[in-house]
Amino acid sequence: MKPVIIKSHILSFFNEIVHGISTRVGSVNDSNFNLGINSNSNKEVIYNNRKIFFKTLNINENLVVYQQQVHSNRYQLVEAPGFIKENDALITVQENLFLIVTIADCIPILFYDKSNRITGAIHAGWRGTYSKIVLNTIEFAISKLSLDINNTYFYFGPSICANCFEVDEDVANLFEPRFVKKKNQKFTVDLQQINLQYLLDLGIKKNNIQISKLCTFELNQLLHSYRRDKEKSGRMFGVIGIRK
Ligand SMILES: [Zn+2]
């Protein structure tokens, strides 16, 4: 059995693009399929799971860029495989370079500019959303790489949905009231809509953006969720790259 990998329809139009989001469903009856190194699982198991994930997508593991995500608004233009420290968005104009975003509730945002052949992978949780990582990254790509907003396609992968993402008042107050709802003694924040709004404000068309409706918190058989499983939670990978 092959692992279940989620694909977007919006990026699937492009044959040159390889992309996907891993799930909890791996091979060999592994009900966890954890790809994250910072969690409690056995490292050997994780490295093996990564191998299986990349093999399923026919990606050479030596052509991958990882990042040490810290919920910042920092992005990096990358030209070679490796590991980028303290960073939450990767962008490249290279072919055969596969960008990784690690997730378990935060939004993985994958994008592709078909005119300029730019790819990117962004990690946006509430801190990254508040500090405008998406806006910073795409503004950089527009000004320095001439990203073509009319020909760039975005996929927001599975993340915790607006109804499940409960926060206290201090966090809720960081965001515009139109994205916040009161829920019992707590508040909920719609991070997907906030990030969507950043893109719309830049002039990107709604039709060029696909937002997954899969909620990491609710779909406990399919997806990892840090909120739900706490320290026991595994991590999923989102990946994007152009195949030469
Ligand atoms: Zn939900």
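Residues numbered from 1 in each chain as written. Predicted model: local features only at pLDDT ≥ 70, side-chain atom pairs only at ≥ 80, totals over all residues. Heavy atoms only, no water.

> Help me get a handle on helix α4 (residues 133–145), residues and values and all.
Think of an α-helix as 3.6 residues a turn; residues three or four steps apart then line up on the same face. Compared with an ideal rise of 1.5 Å per residue, which puts 13 residues at 18 Å, α4 spans 17 Å between its outermost C-alpha atoms and is within 8% of the ideal. Every buried residue of α4 is listed here: Ile 133, Val 134, Leu 135, Thr 137, Ile 138, Phe 140, Ala 141 and Leu 145. Positive phi appears at Ser 146, one or two residues downstream of α4, with a value of about 55 degrees. (Helix = DSSP H or I, 4+ residues; strand = E, 2+ residues; numbered from the N terminus. Expected span 1.5 Å × (residues − 1). Buried < 20%, exposed > 50% of the residue type's maximum accessible area, 1.4 Å probe, protein only.)

> Kindly report on the coordination of the zinc ion, identifying the contributing residues and their values.
Six octahedral donors around a metal ideally sit at 90 or 180 degrees from one another, while four tetrahedral donors ideally sit at 109.5 degrees. Donor atoms from the polypeptide that bind the zinc ion are Cys 161 (SG), Cys 164 (SG), Cys 215 (SG) and Glu 218 (OE), placed at 1.9 to 2.3 Å. What the four donor atoms of the zinc ion show is an angle range of 102 to 118 degrees at the metal, which sorts the shape as tetrahedral. Along the chain, the residues donating to the zinc ion fall in the pattern C-x2-C-x50-C-x2-E. By relative accessible area, Cys 215 is classed as buried at 4%. (Donors = N, O, S within 2.8 Å, 3.2 Å for Na, K, Ca; no water. Tetrahedral: all angles 85-135°; square planar, octahedral: opposite > 155°, others 65-115°.)

> So what's going on with helix α2 (residues 43–56)? Which residues, and what values?
Over its 14 residues, α2 runs 20 Å from end to end, which matches the ideal 20 Å to within 8%, given 1.5 Å per residue. All buried positions along α2 are accounted for by Ile 46, Asn 49, Arg 50, Ile 52, Phe 53 and Phe 54. Near the N-terminus of α2, the side chain that reaches the backbone nitrogen of Glu 44, with its oxygen 2.8 Å away, is that of Asn 42. Immediately downstream of α2, the backbone of Asn 58 shows phi near 60 degrees, a positive value. (Polar contact = N/O pair within 3.5 Å; in protein donor to acceptor, adjacent residues only side chain to side chain.)

> Residues and numbers for the packing of aromatic side chains, please.
Applying the stated criterion across every chain yields a total of nine aromatic pairs. Relative to Phe 237, the ring of Phe 54 has its centre 6.2 Å away and its plane inclined at 40 degrees; by these criteria the two rings are tilted. In this pair, Phe 54 is assigned in helix α2 and Phe 237 in strand β15 (residues 236–242), connecting sequence segments 183 residues apart. A residue is classified by how much of its surface remains accessible, and Phe 54, at 1% relative accessible area, is buried. Taken together, a centroid distance of 5.6 Å and an interplanar angle of 35 degrees make the contact between Phe 111 and Phe 154 tilted. Taken together, the residues span a long stretch of sequence, with Phe 111 in strand β8 (residues 107–113) and Phe 154 in strand β10 (residues 152–156) at a distance of 43 residues. (Phe/Tyr/Trp six-rings, centres within 6.5 Å; stacked < 30°, edge-to-face > 60°.)

> Talk me through the pairing of strand β13 (residues 186–189); I want residue IDs and the actual numbers.
A regular strand places its side chains on the two faces of the sheet in alternate fashion. Inspection of the sheet shows strand β11 (residues 166–167) paired to β13 by two bridges, in the antiparallel sense. If you follow Glu 166 over to β13, its bridge partner there is Thr 188. Note: strand β12 (residues 180–183) against β13, four bridges, orientation antiparallel. Of the residues in β13, the one forming a bridge with Lys 182 is Phe 187. Counting the residues between successive antiparallel strands, the hairpin from β12 to β13 contains two residues, one of them, Asn 184, with a positive phi of roughly 50 degrees. (Pairing = 2+ DSSP bridges.)

> Lay out the sheet that holds β10 in plain terms, naming residues and giving numbers.
The strand order across the open sheet formed by six strands is β4-β6-β9-β8-β10-β14, and the pairing between neighbours is mixed. Of all strands in the sheet, those bounded by a partner on one side alone are β4 (75–77) and β14 (209–211). Adjacent strand axes in the sheet meet at a mean angle of 10 degrees when their direction is disregarded. (Axes fitted to C-alpha atoms, helices over the stretch in contact; angles between N-to-C directions.)

> Break down unusual backbone geometry for me, citing the residues and quoting the values.
A positive phi is found at His 71, a non-glycine position, where the angle reads about 60 degrees. The residue His 71 is located in the loop between β3 (64–67) and β4 in this model.

> Break down the side chain of Thr 23 for me, with residues and values.
For Thr 23, the location among the structural elements is in the loop between β2 (17–22) and α2. Within the local environment of Thr 23, its side chain forms a polar contact with the backbone oxygen of Val 4, the two atoms lying 2.8 Å apart. Here the side chain of Thr 23 touches Val 25 through a polar contact of 3.0 Å, landing on its backbone nitrogen. Here Thr 23 is in contact with Val 4, Ile 6, Asn 32, Phe 33, Leu 222, Leu 223, His 224 and Met 236, once residues within four sequence places are set aside. (Contact = heavy atoms within 4.5 Å.)

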